[in-house]
Amino acid sequence: MSSTEIFQPSKISTQLKRQRRNRGGWQINARSKTYKWATQMERVDLIRNRLPVETLEVVARQAGVPIQQVLELIGIHKTTYNKKKRAPELLSSRDSEMVLILIELLTFGKSVFNDDEKKFQRWLKKNNISLGGVTPVSLFDSVTGIAEVKNALLRLEYGNLA
């Protein structure tokens, strides 16, 4: 931007959206298929079409927690999970949405920690003062909790208490 140009927030917003789209947004691989989304509407489409149950394993791997913990947080019984995995079945729309939101959060969190997955996973498992003394991963059971974890990551990214 030259010194004579007028500051235009909408132009910057459009440039940022374009950059994000150019990076490819987010993706998750399951059942030899890649599910990609870069916009909210693409996410809605994936939610409506539902994701395979194996995507829960991807969340567990990226968060560095056992699959059993992810199942408990999302509210799926182990027997239901095993049955859906054998069949193979798709997750409900609600569970698919939780998986997509968690993948977005985990991708963002990893970038806050300069792509150091081990440091990020350690942070997820440590009690956090800014989150009321609980571990970030314990808040993965609700959209509001996930938003609080994202806010903590944003504060951390900008050098505030997190």
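Up top you'll find the structure we're talking about.
The sections below set out a description of the structure shown in this document. No experiment lies behind these values; they were computed from the predicted model shown.

Let us now look at the overall build of the protein. Secondary structure summary: the protein contains eight helices and two strands in total. Counting from the amino terminus, helix and strand elements in the protein follow one another as α-β-β-α-α-α-α-α-α-α. For the protein, with 162 residues in total, the buried portion stands at 38%. Considering only residue pairs separated by 6 or more positions, the protein has 56% of its internal contacts joining residues 24 or more positions apart. When the accessible surface of the protein is summed, it comes to about 9900 Å², and 50% of that surface belongs to carbon and sulfur atoms.

This part is about the environment of Leu139. As for its position among the elements, Leu139 is in the loop between α7 (117-125) and α8 (143-157). Sequence separation between Leu139 and Val149 is ten residues; the distance between their C-alpha atoms is 7.3 Å. Non-local contacts of Leu139, meaning those with residues more than four positions away in its chain, are made with Leu131, Val134, Gly145, Ile146 and Val149.

Turning our attention to the environment of Arg48. Mapping Arg48 onto the fold places it in helix α2 (residues 40-49). A relative accessible area of 65% means that Arg48 is categorised as exposed. Along the primary structure Arg48 and Ser93 are separated by 45 residues, whereas in three dimensions their C-alpha atoms are 6.1 Å apart.

Further remarks concern the pairing of strand β1 (residues 26-30). A regular strand carries its side chains on alternate faces of the sheet. Burial along β1 is one-sided: Trp26, Ile28 and Ala30 are buried, and none of Gln27 and Asn29, which face the opposite way, are. Pairing analysis gives five bridges linking β1 to strand β2 (residues 33-37), with the strands arranged antiparallel. Looking at the pairing, Ile28 lines up with Tyr35 of β2.

We now examine helix α4 (residues 67-74). Taken together, the buried positions of α4 are Ile67, Val70, Leu71, Leu73 and Ile74. For α4, the angular spread of buried residues about the axis comes to 165°, placing them on one side. Its buried side turned inward, α4 meets α3 (55-63), α5 (78-86) and α6 (93-112). Note on α4: the residue one or two positions beyond its end, Gly75, has a positive phi of about 90°.

To continue, consider the nonpolar core. In this structure, Leu56, Val99, Phe140 and Leu153 are the most contacted members of the largest nonpolar core, which totals 45 residues. Of all the elements in the fold, those that place two or more residues in this core are β1, β2, α2, α3, α4, α6, α7 and α8. Considering each element in turn, this core owes the most residues, ten residues, to α6. Beyond its immediate chain neighbours, meaning those up to four positions away, Leu56 contacts Ile67, Val70, Leu71, Ile74, Ile76, Tyr81, Leu91 and Val99.

With their axes 9 Å apart at the nearest point, α3 and α4 run at an angle of 110° to one another. Considering their axes alone, α3 and α4 lie roughly perpendicular with respect to each other. Classified by chirality, the crossing of α4 by α3 is right-handed. From α3, Leu56, Glu57, Val59 and Ala60 reach across to α4, where they touch Ile67, Val70, Leu71 and Ile74. For the contact of α3 with α4, the class distribution of residues is seven nonpolar, no polar and one charged.

Below, the discussion takes up the packing of α3 against α7. As a packed pair, α3 and α7 sit with axes 8 Å apart at the nearest point and diverge in direction by 95°. Judged on the interaxial angle alone, α7 and α3 are roughly perpendicular. Every residue of α7 that contacts α3 at Arg61, Gln62 and Ala63 is listed here: Glu117, Gln121, Leu124 and Lys125. For the contact of α3 with α7, the per-class residue count stands at two nonpolar, two polar and three charged.

Conventions and cut-offs
- Residues numbered from 1 in each chain as written.
- Predicted model: local features only at pLDDT ≥ 70, side-chain atom pairs only at ≥ 80, totals over all residues.
- Heavy atoms only, no water.
- Helix = DSSP H or I, 4+ residues; strand = E, 2+ residues; numbered from the N terminus.
- Buried < 20%, exposed > 50% of the residue type's maximum accessible area, 1.4 Å probe, protein only.
- Contact = heavy atoms within 4.5 Å.
- Areas by Shrake-Rupley, 256 points an atom, 1.4 Å probe, with all protein chains shown as cover.
- Pairing = 2+ DSSP bridges.
- Arc of directions from axis to C-beta.
- Core = buried A, V, L, I, M, F, W, Y, C linked by side-chain atoms within 4.5 Å.
- Axes fitted to C-alpha atoms, helices over the stretch in contact; angles between N-to-C directions.
- Parallel < 35°, antiparallel > 145°, perpendicular 65-115°, else oblique.
- Left-handed = near helix turned anticlockwise from the far one by under 90°.
- Nonpolar A, V, L, I, M, F, W, Y, C, P; charged D, E, K, R; others polar.

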